[in-house]
Amino acid sequence: MKTSYLVVKEGSSSGRKYPLKDGFFIGRELQNDLVVQDQRASRRHAKIEFRKDGIYLVDQQSANKTYVNGSTISEKKLERGDIIRIATFLFSYVEEDESTRPKAAESQVLMLNQMKEMTSFQEVRSVKGHSIDDLVKMSKDPQSDRVANILLSLFDVSKKLNTIYDIDELLSGIFDVIFKTLPSAERGFIMLPDADGKMVERFVKSRKGSTAIHASSTVIDRTTQKREAILSTNTLDDEDLKCGASIISENIRSVLCVPMLRTTENSEEMLGLIYLDTTRLDVPFDKIDLSILTAVAGQAAVAIKNAQLVDEVKHSTELRTSLQRYLSPSVVEQVISRQIKIGLGGEIVPGSVLFADLDGFTTIAESMEPDPLVKMLNRYFNRMVELIFENQGTVDKFGGDSVLSVWGAPRQMPDYAFLACKAAIEMQNALFELNLTESWKHFLMSGTGITTGKFLAGNLGSEQRMEYTIIGHTVNLAQRLETLAPSNTILINDETLEAIGKPVATITFQPIMLKGVSKPISIHSLRGYCESTDPFRAILMIPVLIEGGGASCRGRLLCYYTDRETRHFVNVMCEGDIGPHDEFIIRPNILETNVLGPLHGTLADVDTGVIISFGAQKGRVFRLDMEKCDPATLRFISCTERLNTSVNLETLKEYGRKLLQG
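Once that is clear, we can look at the pattern of salt bridges. Scanning all chains against the criterion turns up 25 salt bridges. Residue Lys 17 pairs with Glu 96 through a salt bridge whose shortest N-O separation is 2.4 Å. Linking Lys 17 in strand β2 (residues 17-19) with Glu 96 in strand β11 (residues 89-97), this pair joins segments that are 79 residues apart in sequence. Overall, Lys 17 belongs to the partly exposed group, its relative accessible area being 28%. A residue is classified by how much of its surface remains accessible, and Glu 96, at 19% relative accessible area, is buried. We note a salt bridge from Arg 51 to Glu 49, for which the minimum N-O separation is 2.8 Å. Residue Arg 51 is classed as partly exposed on the basis of its relative accessible area, which comes to 31%.

A separate point is the side chain of Ser 62. The residue Ser 62 is located in the loop between β6 (54-59) and β7 (66-68) in this model. Polar contacts involving the side chain of Ser 62 include one to the main-chain amide nitrogen of Lys 65, which spans 3.1 Å. Beyond its immediate sequence surroundings of up to four residues, Ser 62 is in contact with Ser 42 and His 45.

With that out of the way, let us pick up the confidence of the model for the protein. When pLDDT is averaged across the protein, the result is 81; 80% of the residues are at 70 or more. When the criterion is pLDDT under 50, residues 103-120 qualifies, and its contacts beyond four places in sequence or with other chains add up to 46 contacts. Across residues 135-143, confidence stays below pLDDT 50; counting only partners more than four residues off in sequence or on other chains, it has 17 contacts.

What follows is about the pairing of strand β33 (residues 620-629). Within β33, 7 of the 10 residues are buried, which leaves the element mostly enclosed by the surrounding structure. Looking at chain direction, strand β29 (residues 568-574) and β33 are connected through 6 bridges and run antiparallel. The partner of Met 573 across the bridge, within β33, is Val 621. Summarising the sheet, strand β31 (residues 599-603) and β33 pair through 5 bridges and their orientation is antiparallel. Considered in β33, the bridge of Gly 601 is made with Met 626.

For the rest of this paragraph, the subject is the environment of Ile 274. Within the secondary structure layout, Ile 274 lies in strand β18 (residues 268-278). A relative accessible area of 0% places Ile 274 in the buried class. Expressed as a C-alpha distance, the spacing of Ile 274 and Pro 259, which sit 15 residues apart in the sequence, is 6.4 Å. Not counting residues within four places of it along the chain, the set of residues in contact with Ile 274 comprises Ile 174, Ile 178, Phe 189, Ile 190, Leu 256, Cys 257, Val 258, Met 260, Leu 293 and Ala 297.

Below, the discussion takes up a negative patch on the surface. Together, Asp 166, Glu 169, Asp 311, Glu 312 and Glu 318 line one region of the surface with negative charge. In terms of residue count, the dominant contributor to the negative patch is helix α6 (residues 287-323) (3 residues). Mapped onto the elements of the fold, Glu 312 is located in helix α6.

How each quantity is defined
Residues numbered from 1 in each chain as written. Predicted model: local features only at pLDDT ≥ 70, side-chain atom pairs only at ≥ 80, totals over all residues. Heavy atoms only, no water. Salt bridge = Lys/Arg side-chain N within 4 Å of Asp/Glu carboxyl O. Helix = DSSP H or I, 4+ residues; strand = E, 2+ residues; numbered from the N terminus. Buried < 20%, exposed > 50% of the residue type's maximum accessible area, 1.4 Å probe, protein only. Polar contact = N/O pair within 3.5 Å; in protein donor to acceptor, adjacent residues only side chain to side chain. Contact = heavy atoms within 4.5 Å. pLDDT = per-residue confidence, 0-100. Pairing = 2+ DSSP bridges. Patch = residues over 30% accessible without salt bridge, like charges linked within 9 Å, V, L, I, M, F, W, Y side chains within 5 Å. Areas by Shrake-Rupley, 256 points an atom, 1.4 Å probe, with all protein chains shown as cover. Lys, Arg positive; Asp, Glu negative; His and termini not counted. Charge placed at Lys NZ, Arg CZ, Asp CG, Glu CD.

Below is the structure:
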């Protein structure tokens with residue numbers, strides 16, 4: 001006949017046997033058959049039950065659980081050799097023949113003071129001044145061949161690690177070194193700080209194949225907060241560890257944890273930590289292992305920092321290349337330096353939106369070969385983007401022959417409406433100039449819509465592919481205004497006009513209803529703005545007809561200004577060379593109104609003006625000393641009087657096309 005026992009596994013009572021019976025209770029109360037005097041044990045922690053099919057250990061809903069072979073149980077049929085943990089005590093289950101049955105134990109009570117004195121970590125050291133130096137000292141011992149060989153291995157490893165710049169590959173390489181030089185280590189992981197500085201597991205490895213590790217938070221917190229290397233040769237003898245949930249549940253017997261520090265003359269940066277543990281008591285970690293891991297951690301810190309720097313340079317280069325497609329250079333640098341944050345998601349911001357589109361481009365594209373068409377579009381877009389960036393705007397997207405840009409996102413600015421309008425005027429004038437300087441088959445013209453209001457701006461999409469964009473009513477309305485805008489016209493809404501903050505030259509249409517808008521809105525044609533008042537200078541975008549010497553050509557009125565002597569001048573760009581004449585008549589040629597009369601001028605002398613030609617290409621820019629001007633026109637180009645018109649905006653674009661074709 002066989003008798004069953006619980007045998008104490010560790011401590012001063014190791015080997016002591018306790019015979020079992022049906023209804024044998026284990027717990028903290030003195031009424032139990034086996035009293036475990038440990039506050040971590042419940043009053044009635046577990047019970048032995050003899051059943052027909054065997055002997056069972058049944059947990060009594062204890063607070064800190066009952067463990068068999070490292071796993072929590074509610075009940076379990078005991079088998080020879082099972083290891084049972086209750087609180088901090090370990091027992092093995094054994095069965096012996098009746099003939100070898102020992103005498104009953106003198107006391108069924110386990111006293112904590114019978115166990116040897118506990119400590120709080122067997123070795124805690126600062127990483128500073130140790131690692132490699134410790135190993136060098138150990139290697140001088142005649143019996144330390146292991147350390148000497150490891151030093152040579154670490155030297156080769158450091159050279160190899162410093163040539164790996166992929167973080168994941170690097171961490172895998174670090175663990176290859178660890179498992180090679182520390183045969184006691186059964187498993188472990190490397191933690192790196194996340195974006196918020198919190199340590200998170202980045203790489204996990206186990207000799208047994210499993211990658212689920214529940215490490216001691218006590219060890220991790222101590223290493224992280226105090227930046228100290230920690231060794232526990234026997235967790236059951238460590239007061240801080242023996243009752244830890246992970247120590248008990250994972251059956252951990254020995255632990256190593258070392259911070260990865262990069263130390264410079266003036267600073268110390270914690271790049272992460274390395275954690276190792278083992279369930280074996282026969283080959284626990286020792287001080288040599290601690291020094292080895294500290295040395296590896298030091299080499300790893302340097303390699304990880306190098307990899308991070310390479311990754312940052314690579315990411316910065318890729319980010320700069322990507323951002324330069326739609327952000328101005330100054331904003332790009334602010335994003336790179338994290339002064340402006342662009343992440344997944346968006347926010348509602350105030351700003352201005354500009355939508356520009358080439359008029360009649362579908363017909364133009366049908367008449368051109370693909371190669372010259374693409375070259376023409378690229379030249380056009382390059383110049384438009386330059387002007388958008390010069391005016392602190394952001395290019396949201398291109399669509400065929402159109403461009404959508406925004407002011408107020410991602411960088412907020414107080415004068416977004418003015419900058420958008422200034423850019424629009426410069427873009428219209430620049431397109432006229434491109435037609436003169438480029439040998440294009442077609443004369444390109446565009447319409448522009450600008451709206452001001454609130455919209456959603458941000459990176460939309462997925463983590464794999466994001467696109468910075470803007471959405472909302474303000475954006476949709478800008479596109480609607482562009483579809484209404486005739487060639488050589490900039491249409492703006494009321495909010496834009498009010499937010500410009502400078503005197504402007506505008507022509508206001510009758511309020512109209514637009515699809516998707518609940519009430520009529522007022523729309524204005526923008527033709528210029530006052531740049532300065534002393535001396536006066538207005539920047540204009542007014543199509544004109546230029547007459548001189550019996551010839552005429554199309555042109556653009558670019559600027560009206562005065563000098564200190566109150567002389568009046570205009571800058572004019574003309575499509576063709578109409579001859580060396582001194583006197584010119586400039587007639588405004590805009591579709592919105594016919595109330596603007598001509599202005600007369602003579603070619604400015606060399607003291608006040610310079611003729612700027614385009615070399616071998618047609619066209620030139622010249623300055624006229626303005627001798628007389630229609631009063632309405634003078635008030636308009638002086639930005640002192642805004643005009644109203646009864647022209648139907650909804651039919652104006654088609655009317656303009658017919659005039660051009662005729």
